[in-house]
Amino acid sequence: MFRISPLVAALAALSLLGLFSLSGCANAIARHVVRAPNHAWADRLPLQTSVPATLGMSLAEAVSVRRIAVASGALSLRAVVVEPTDAPWMPWTLRDEEVWCHAWPMTRVLPPIGTIVLLHGLGGSSELTSPHAACFANAGFRCILLDLRGHGESTGAVGRHEAADVREALQRLAATGALKPPVAVVGYSLGGSVALMTAAMSGASQEDGQARDPVLAGIVAIAPFARLRDVAPFFAKRFVGWLNWVTTDALVDRVVEAIGRAADFSPEADSPLAWAPQVRQPVLLIHGVDDDLVPATQSALLAPALAGPVQRVLIPGQEHIRTVLDPGLTMPAMLAWLERLMTPDAY
């Protein structure tokens, strides 16, 4: 089941407090926002290595789960590895806000033609990227589905370190030979923004003894935000319903500032837009024209700021959730772009 993000839940529950204490309300909301979406079961996380139920039954060798230590060993991320096989995954289905993907009987795993690393959105997990992984696996790719910190079965709290976590996870995966090149990172919503920031960090100067960054062939960002401050009002005003009159722009702006203080980051300096000039890899941006949470203007801001080749695809008539969850809307453009990316001297 798609989980409502902590930002949404906190804004809905606490907006009335803005009538009495704007500053105090902002700080209270911020504390809830930076709380991990999986905080209710986080104490059991180190013991769990479950395969997402959305992948259904499959050949044991086709799906495996790893735990990857990041942040100097302080946290661990769940990584679900999905391999291409000799029988295709059954078509995905999308029912309301649930996604499911089942598999035909398989007999053997096939050598991958490359690796796709998938990053989910805020409040989600690898369950929500499983249908996309199945489609990529059908095309011959090994897929690695990461749970971002504080999500799914990964530990930690949300903040500004997600991109650094993903970078470190990629380094560790590369050291074990799990990243069959070419390697592309595909992110959805928050995951798309994290993918862009990870690409910006990749290849940067490193300390002696630090693991080397793997070469990232390209980045796909679906409905990414450019600046948190720009999209926070859309999340707030959509989900608080009749409390819209309380959720003023001033309150949302103070919440954004309070989130930055609580999670030790700058909403401006640590934004994908600020990191964009350091992204030199080819990038595919996909956005629904009618996105009601992260307006398409956000990817329009990112496109000219990126340093490498950029293609931007707009999907008419689609809002945020369906654009992010429905592989049928985005997979044709992604597979065509990846085929071109794998062509020698394409970029």
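Thresholds applied
- Residues numbered from 1 in each chain as written.
- Predicted model: local features only at pLDDT ≥ 70, side-chain atom pairs only at ≥ 80, totals over all residues.
- Heavy atoms only, no water.
- Buried < 20%, exposed > 50% of the residue type's maximum accessible area, 1.4 Å probe, protein only.
- Helix = DSSP H or I, 4+ residues; strand = E, 2+ residues; numbered from the N terminus.
- Arc of directions from axis to C-beta.
- Salt bridge = Lys/Arg side-chain N within 4 Å of Asp/Glu carboxyl O.
- pLDDT = per-residue confidence, 0-100.
- Contact = heavy atoms within 4.5 Å.
- Polar contact = N/O pair within 3.5 Å; in protein donor to acceptor, adjacent residues only side chain to side chain.
- 1 Å grid on protein atoms, 1.4 Å probe; cavity = no way out; pocket = protein on both sides within 12 Å on 5 of 7 lines; lining within 4 Å.
- Points joined across faces, edges and corners; volume = space filled by probe spheres on them.
- Nonpolar A, V, L, I, M, F, W, Y, C, P; charged D, E, K, R; others polar.
- Core = buried A, V, L, I, M, F, W, Y, C linked by side-chain atoms within 4.5 Å.
- Pairing = 2+ DSSP bridges.
- Right-handed = clockwise from strand over helix to strand, strands pointing away.
- Phe/Tyr/Trp six-rings, centres within 6.5 Å; stacked < 30°, edge-to-face > 60°.
- Axes fitted to C-alpha atoms, helices over the stretch in contact; angles between N-to-C directions.

Draft legend 1. Seen up close, helix α9 (residues 297-305). Buried within α9 are the following residues: Gln 298, Ser 299, Leu 302 and Ala 303. Buried residues of α9, seen end-on, are gathered within an arc of 135 degrees and therefore sit on one face of the element. Exposed residues on α9 whose side chains face more than 90 degrees from its buried face are Thr 297 and Pro 304.

Draft legend 2. Molecular detail of the pattern of salt bridges. This structure, assessed with the given rule, holds 10 salt bridges. Residues Asp 213 and Arg 167 are paired through a salt bridge, measuring 2.8 Å at the closest nitrogen-oxygen approach. Of this pair, Asp 213 sits in the loop between α5 (190-201) and β8 (218-222) while Arg 167 is found in helix α4 (residues 162-175), placing the two residues 46 residues apart along the sequence. In this structure Asp 213 comes out as buried when scored by relative accessible area, which is 15%. On the basis of relative accessible area, Arg 167 is assigned to the buried category, the value being 13%. As a salt-bridge pair, Arg 172 and Glu 168 come within 3.3 Å of each other at their nearest N and O atoms.

Draft legend 3. Just the confidence of the model for the protein chain, in detail. Averaged over all residues, the pLDDT of the protein chain is 81; the fraction at 70 or higher stands at 74%. Confidence over residues 1-22 falls short of pLDDT 50; this stretch has 46 contacts with residues more than four positions distant or in other chains.

Draft legend 4. Main features of the side chain of Asp 147. Relative to the helices and strands, Asp 147 is located in the loop between β6 (142-146) and α4. Separated by 2.8 Å, the side chain of Asp 147 and the backbone nitrogen of Glu 153 make a polar contact. Those residues within four positions of Asp 147 in sequence are excluded, and the remaining contacts are Leu 77, Arg 78, His 120, Ser 125, Ser 126, Gly 152, Glu 153 and Ser 154.

Draft legend 5. Molecular detail of empty space enclosed by the protein. Counting across every chain of the model gives one cavity of 30 Å³ or more. Lining the largest cavity we find Thr 115, Ile 116, Phe 141, Pro 182, Val 183, Ala 184, Leu 338, Leu 341 and Met 342. Mapped by element, the contributors of at least two residues to the lining of the largest cavity are β5 (115-119), β7 (183-188) and α11 (327-341). For the lining of the largest cavity, the class distribution of residues is eight nonpolar, one polar and no charged.

Draft legend 6. The arrangement of the nonpolar core in detail. Grouped together as the largest cluster of nonpolar side chains are 90 residues, with contacts concentrated most on Ile 116, Val 117, Leu 119, Phe 136, Ile 144, Leu 146 and Met 334. With eight residues, the top contributor of residues to this core is α5.

Draft legend 7. View of the pairing of β5. The element β5 is largely enclosed, with a buried count of five among its five residues. Neither face of β5 is exposed, since Thr 115, Val 117 and Leu 119 on one face and Ile 116 and Leu 118 on the opposite face are all buried. By the bridge criterion, five bridges tie β5 to β6 in an arrangement that is parallel. In the sheet register, Val 117 faces β6, and the bridge partner there is Ile 144. In this fold, β5 hands off to helix α3 (residues 126-138), which returns the chain to β6; that crossover is right-handed. In the sheet, β5 pairs with β7 via five bridges, with the strands oriented parallel. For Leu 119, the partnering residue across the bridge sits in β7 and is Gly 187.

Draft legend 8. Looking closely at the packing of aromatic side chains. Scanning the entire structure with this criterion turns up one aromatic pair. Considering the side-chain rings of Phe 136 and Phe 141, the 6.3 Å spacing of their centres and the 90 degrees angle between planes classify their relative orientation as edge-to-face. For the residue pair Phe 136 and Phe 141, the accessibility class agrees, reading buried in each case.

Draft legend 9. The arrangement of the sheet that holds strand β2 (residues 75-82) in detail. Ordered by their spatial adjacency, eight strands build an open sheet running β1-β2-β6-β5-β7-β8-β9-β10, and the pairing between neighbours is mixed. A single partner strand is all that each edge strand has here, and the edge strands are β1 (63-70) and β10 (310-315). Averaged over all adjacent pairs, the angle separating strand axes in this sheet is 20 degrees, with direction ignored. Sheet topology note: the strand β9 (residues 283-288)/β10 ladder contains six bridges and is parallel. Bridge pairing in β10 links Gly 288 to Ile 315. Sheet contacts for α4: β1, β2, β5, β6 and β7; angle to β1, the most-contacted strand, approximately 120 degrees.

Draft legend 10. Examining the pairing of β8 more closely. Counting buried positions along β8 yields five of five residues, so the element is predominantly enclosed. Residues Gly 218, Val 220 and Ile 222 line one face of β8 and the alternating positions Ile 219 and Ala 221 line the opposite face, and both faces are buried. In the sheet, β7 pairs with β8 via five bridges, with the strands oriented parallel. From the neighbouring strand, Val 186 faces β8, where its bridge partner is Val 220. In the sheet, β8 pairs with β9 via four bridges, with the strands oriented parallel. The residue bridging Val 220 from the neighbouring strand is Leu 284, located in β9.

Draft legend 11. Quick peek at the environment of Gly 140. Within the secondary structure, Gly 140 sits in the loop between α3 and β6. With a relative accessible area of 13%, Gly 140 lands in the buried category. Sequence spacing of Gly 140 and Pro 84 is 56 residues, and the spatial spacing of their C-alpha atoms is 5.3 Å. Those residues in contact with Gly 140 that lie beyond four places of it in its chain are Pro 84, Pro 111, Pro 112, Ile 113 and Gly 114.

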